[in-house]
Structures are given as structure tokens and as C-alpha cells.
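# Observations on the model geometry
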There are 2 protein chains.
Amino acid sequence: MARGEFDLIAAITERLPATGPKVRVGSGDDAAVIEPGDGAAAVTVDAIVEGVHFTLPEFPPEAVGRKGLAATLSDLAAMAATAGEAYVVLGAPIEAEDETLLAIADGIAAVAAREGVSVAGGDLVAAPQIFLAATAVGYEHGAPLLTRAGARAGDLVGITGELGGAAAALGLLSGTKAEGISPERRDALLARQLDPRPRLAAGRALAEAGATSMIDLSDGLGADAGHIATASRRRIEIELDRVPLAEGVAEVDRRGGVVELAALGGEDFELLATLPPERLDEARSAVGAGGLELTEIGYVTDGEGVSLRLPGGGELEPVGFDQRRGSRSGSAGSGSGSSGAG
Amino acid sequence: MARGEFDLIAAITERLPATGPKVRVGSGDDAAVIEPGDGAAAVTVDAIVEGVHFTLPEFPPEAVGRKGLAATLSDLAAMAATAGEAYVVLGAPIEAEDETLLAIADGIAAVAAREGVSVAGGDLVAAPQIFLAATAVGYEHGAPLLTRAGARAGDLVGITGELGGAAAALGLLSGTKAEGISPERRDALLARQLDPRPRLAAGRALAEAGATSMIDLSDGLGADAGHIATASRRRIEIELDRVPLAEGVAEVDRRGGVVELAALGGEDFELLATLPPERLDEARSAVGAGGLELTEIGYVTDGEGVSLRLPGGGELEPVGFDQRRGSRSGSAGSGSGSSGAG
């Protein structure tokens, strides 16, 4: 670190938007002082670690900041909360370049500004590798906060956007060839890893349209549908041929095939919601108002577990992305490393 | 990890107290749902990293959990907040023993239970070394939350308890000899590192007795008094011969001397408060009701900076414990790695 400790912290803090409607005291004291107001709040934590969830420089430092905050905000989206404040712990080796740490701060700042989040506090600590742990606080706004637990038999299953992009991008980042892919498509795919978008507006729209349960797709469609099934004590049936694929996924050469990529790849950060069939049109147009599609991909029945039906018949085993191991393993409903892990 | 991911997370979660008066939904969903109520909330984050802030096995895993949470709660104490909920991210190598991680959880649970904190969420992630990042949310209760910024010329400076114990304990843990120290004193000293106590009741008592600013002593007396001086735009004069030393500190052989240890050693997690002289008696008896002494060690004047007056004349340079480097360096007022770092 070329400059002193004090200057570095000041330079980082300067980059981050610290003020917000509920923030009475931001960075610089023992704690932030917040005036949360009357309603309910949603609080979640998430962490990404160098060498486990990303490697530099394939993953640029700014993307570390973007993804670290966006992944946490995605949990707030899944609760149908409005994003409020974030608190970030940045761990980094003493010998890390100032430029690297400032680029991470820039990534955090870009997402915070775009999503209207104040970074009201944080901590910079020495660590053998870079890690970013982010806590996000959101607030109830309009419809009540939505958990994983309310799915009912007869509900439809809908997802926002397209899947498979983040897994395909991970392939591109680690050198997988994608013959004939246009530079535009390649960039759009890469953005699914390097600049994931928390679906905050869509989450609130779905809750207001009557969604009964919701989750963000971080572990993979199969695993995350499993979390809903477990929490709601219902069974979820998904028709994989209805799942919209992100553009360019088919062009990324992966042995697993595009359907598997979409169904099992994690980190797309789209939302999966269950809702009564009669609310589908309203939900579609509410989500559509924010520029996203809502696609019906299955339904809820009595029973337990998840079925991922393959287009040609048969089923896919609903394994998912294991956050702790940083690789794909585990089984649906494992709750691997989720926010509620303790 | 002998058992599966799911079992380990369940075993960790089971150990942690997840319910609380404001917790509507605890662990297990995308986010916790909290009903914060009307008043202000204080939010702070802190992290400790293996090899930087502690080394195993000198530092037992349970103590990692205890210290990780207690250090964060100490920031709430410094705000005069009542502790509410905590959210913990535990990073650990895949090959870490289940017993180690469960012992860390036991340490977190013990502090949470003692201090009345619910652990309403968390995350378990793979990491090359063990780290623990804890977010704590506290609430205004009685007197308003207290920042570092309200010290006025003419105020007295008081501290709770005794200093130097944590630094001396660090010496003992790293093999420093302590000739003739009794086992009881040795254990009491070690507890200052392995089981630090956040001064939550004393913090609220001081605010109610009219304290004008407050901070917890984590970076060291000189550095932390500097944070108050900077935030309040006042000067702080401290008479080091008035600083009460923890029992046994004098018996721990340190080249720096006992006064230096007390003045410059960090992590005692006592509180330093400024208050009008006419409120001293009330503050003393309010703090005393919780079994702690409040000692007047100096005063606030117009001006800037900190003076640490040595008993024999002269002054000590107010350097402190640098959280980022995990060693002593930096200067008073550097705000090193504090909660407000960004």
C-alpha cells in the first residue's frame, strides 16, 4: 500500500455513498445510526472470497465489489424489500495494491448508487486473501415482506429473466471456447457474472401482484426450487423446456448441455416466485413494467421435493451450486451457505 | 468435514439463539425479518481473521466466536445501544474439522445468550483461513444514542474498568513470561483476550447520566481518545498515572512498561466517555450499579489532539493498535479499520 492507512480508508470511504433517507449518522463512528421507521426490515449477509468465489485478474476488482454487494441485495429482492443500507467488510493482504482496493470500492459504489443503497458503515481488515462480506438492510414497502414458506398447491411457478447466463459466463472466464459468439453477446453473458443485477423492483412487483413465496436463484434453479419446496412443505414441478435461456448460452461449449446449465448453474440472481394462476397476468405486466419478462415454468402440488422434467422425457437431479465449497455439489433443499445458515 | 454440509449448517444453527423480541423470521430464509420499532438503531460490523487477529490453537476456537461477537457488541455499547440482533459470516477451509467450527459457534452462542442477542442470520463460506465477520444491530433505549462527536471543553474524561489486561494477555498467549503470577490472575488476564466483555449496561448508564461522547477502547487509549478529539474537534488531556491497571499487568514482563501497555495496548473493550464534571458522581454510581468502576483520567479542552502525560513528566506518543495490520502502528485519530471505515 503506497499511501498510509488513514489515506486509504479515507479514499475508500469517499467513494461510497454514505447518506440515505434513514441514515442519521453514517461512516466514521462506532456504529451507524439509522432511523428504520415503523415497518418491518429485512437483513441479510453474504460473502465472497478470493480463490473460492472468484480469482483475480480474470475477475476484475471492480467486479468483486459489484458482485459482492449485488449478491446481498438479491436476497433483499427475494424478500420484496426496498434496499436501504449496506455495511461492508473488506479483507485484503497488507501488500495489496491501493488501486485494487479502490477499484473494489468503485464497484461497490456503482451498485450502491444504481440501486439507491447507502453504504453506512464498514471495516477494512488484513487478511491473507481478498474477501468481501456485505450486510444489507431493506425495508417493507407496500406489500408485506415475502418468505420462502408460502407456496400453496395449485400455485404457478414463475421466474424473471433468463437463466444459464452466469454459468456460461463462468465458463468463458475460465477459458471455455464459444465458437461464433458475437462480441456483444459475449459481453452480455460476461455481465451476468461481473455485474449481476439484483431484481429489487421485480421482487416488489411480484409481492404486490400476490406472489405467495419467493427466492433468488443463487444456488441454481433445482436447488433453489428445493428451498421453496422445503420451506413451504409442498412439491414443485418444473418443465425445463419452458425455462428461457440467456442469449449466447447455447454458443458456449459446455459438456453439460444448455438445459443443465440453466437448471443447475447458480448465480443468475433472477427471482423464482409462486403465485395463484389468476394473478399471473397482473404479475407479468407488473414485472414487465420494469423491463423484465416473467415466465411460467411449472407449478406447485402437495407432496415434497422438486421435479425438473427434461424436454425429451426423464428428469434431471436437482443438484446445485454449493456456496461453501465454491463448486457444484449437494442436493436440493440443502440450504447450502444461505443467509439463514447461522 | 466429516458430516455433510447440510448437517453442519443445521448443527451450527441449532446452537445459536435465533429468536428475539424484534425477530419475526430468523435463520433459514433469504433474509431475516425484523420489526425494529419506532426508535433509532445502531448498526456496526467487525471482522477477525486467522493469522492476523488470532492464531489457533493458542487462541481456542470457542474464543474466536466469543471475541468475534463481543468486539462487535462493544461498538454498540459505545453507542449506548441495547443489543438486538447479530448476523455472522463464518469463513473456514473445507478441510476444517467440524469440531472447530462447532466450537466457534458455541463461543458465539455463549456471548449471544449472555448479552441477550439473537443471531438472526449468517453465512458459512469456504475460505483459505478461518474468519468471522459479525454485524450487530442495537436499539436506542432511554437516552439517545451517543456518538464520538459531542465532547465539550470542560468535560471530564472517564473510563470504565481497568486497562492493559488485553495487551498483557496477548503477551501471555505468545509466550511472554510472567514471574510469580498466580493462576487466578493469569486466568483473569487471559479472559481479557479470550472472553472480552462488551460494556453494554455501562454504556447505557453513562448516556443516561449525561455523557457527551463515548467510544470503546479497541485501538488503545491514545488512539481512541484521538478519535473522540477528532470527531468532537476538541483536545483531550490524559494523566496516565490515573489510569487503573488490570490486576496482573505489572507481573507480565513487557519491555514497554505497564503504563505504555495500558495506554497503547488495544482491545480492552472498556468505554471512554466525556461528561460534564457535575455529572461525575451520578455517572459513577450508575456504572457502579453494574459492578464496574468509572475512573476520571483527564479532561477536555479547546484545541485538538491528545496528550498522554507520563507520571514522571513528559508525554507518550498516542499511537495505537492498527486493526488492518494486526500490529501497533499508525497515529491517534487515524480511524484505523474502525466501523466507519466504509
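Figured I'd write up the structure that's included with this text. Residue positions are counted from 1 within each chain, in the order its sequence is given. Naming scheme: in the order in which they are written, chains are lettered from A and ligands are numbered from 1. Selection of residues for local features in this predicted model requires a pLDDT of at least 70, selection of side-chain atom pairs for listing and counting requires 80 or more, and totals for whole chains, interfaces and linings are taken over all residues.

Residues and elements named next belong to chain B. Across the two faces of strand 8 (residues 213-216) the burial is the same, with S213 and I215 and M214 and D216 all buried. Each pair of strands is called paired provided DSSP finds at least two bridges between the two strands. Elements are defined by DSSP. Helices are runs of H or I of four residues or more, strands are runs of E of two residues or more, and each kind is numbered from the N terminus. Of the pairings in the sheet, the one linking strand 8 to strand 10 (residues 271-275) comprises four bridges and is antiparallel in character. Across the sheet, the residue bridging to M214 is A273, located in strand 10. To sort residues by burial, count the other C-beta atoms lying within 10 Å of each one's C-beta; a count of 20 or more means buried, 12 or fewer means exposed, and anything in between means partly exposed. C-beta atoms are built from the backbone.

Our next topic: the sheet that holds strand 2 (residues 32-34) of chain B. Ordered by their spatial adjacency, six strands build an open sheet running 5(A)-4(A)-6(A)-3(A)-2(B)-1(B), and the pairing between neighbours is mixed. Every interior strand has two partners, whereas the edge strands, strand 5 (118-126) of chain A together with strand 1 (23-25) of chain B, have only one. Strand-to-strand twist in this sheet, taken as the mean axis angle between neighbours without regard to direction, amounts to 25°. Note: strand 3 (residues 41-49) of chain A against strand 2 of chain B, three bridges, orientation antiparallel. Bridged to A42 of chain A within strand 2 of chain B is V33 of chain B. Running at roughly 175° to strand 4 (residues 82-92) of chain A, helix 3 (residues 98-115) of chain A makes contact with strand 4, strand 5 and strand 6 (131-139) of chain A of the sheet. Every angle, taken between N-to-C directions, lies between 0 and 180 degrees, and every axis is a line fitted to C-alpha atoms, over only the stretch in contact when it is a helix. The contact criterion used here is simple: two residues whose C-beta atoms, placed from the backbone, lie within 7 Å are in contact.

Attention shifts here to the packing of helix 2 (residues 61-78) of chain B against helix 3 (residues 98-115) of chain B. Residues and elements named next belong to chain B. Where helix 2 meets helix 3, the closest approach of the two axes is 6 Å, and the angle between their N-to-C directions is 40°. Judged by the angle between their axes, helix 2 and helix 3 are oblique. Our pair here, helix 2 against helix 3, has a crossing hand that is right-handed. Along its contact with helix 2, which presents P61, E62, A63, V64, G65, R66, G68, L69, A70 and L73, the element helix 3 presents T100, A103, I104, A105, D106, G107, I108, A110, V111, A112 and E115. Throughout this entry, Asp, Glu, Lys and Arg are counted as charged residues, while Ala, Val, Leu, Ile, Met, Phe, Trp, Tyr, Cys and Pro are counted as nonpolar. The remaining residues, Gly among them, count as polar. For the contact of helix 2 with helix 3, the residue count by class is 13 nonpolar, four polar and four charged. Every angle not falling under 35 degrees, over 145, or within 65 to 115 is termed oblique; those three ranges are roughly parallel, roughly antiparallel and roughly perpendicular. By the definition used in this description, the sense in which the near helix is turned from the far one sets the handedness, with an anticlockwise turn below a right angle giving left-handed and a clockwise turn giving right-handed.

A word on the pairing of strand 10 of chain B. All names here are of chain B. With five of its five residues buried, strand 10 lies for the most part within the structure. Neither face of strand 10 is left uncovered, since the one carrying L271, A273 and L275 and the one carrying L272 and T274 both have all their residues buried. Two strands pair when backbone bridges link them, and strand 7 (residues 156-160) and strand 10 are joined in this way by four bridges, in the antiparallel orientation. Opposite L156, over in strand 10, you have L275 as the bridge partner.

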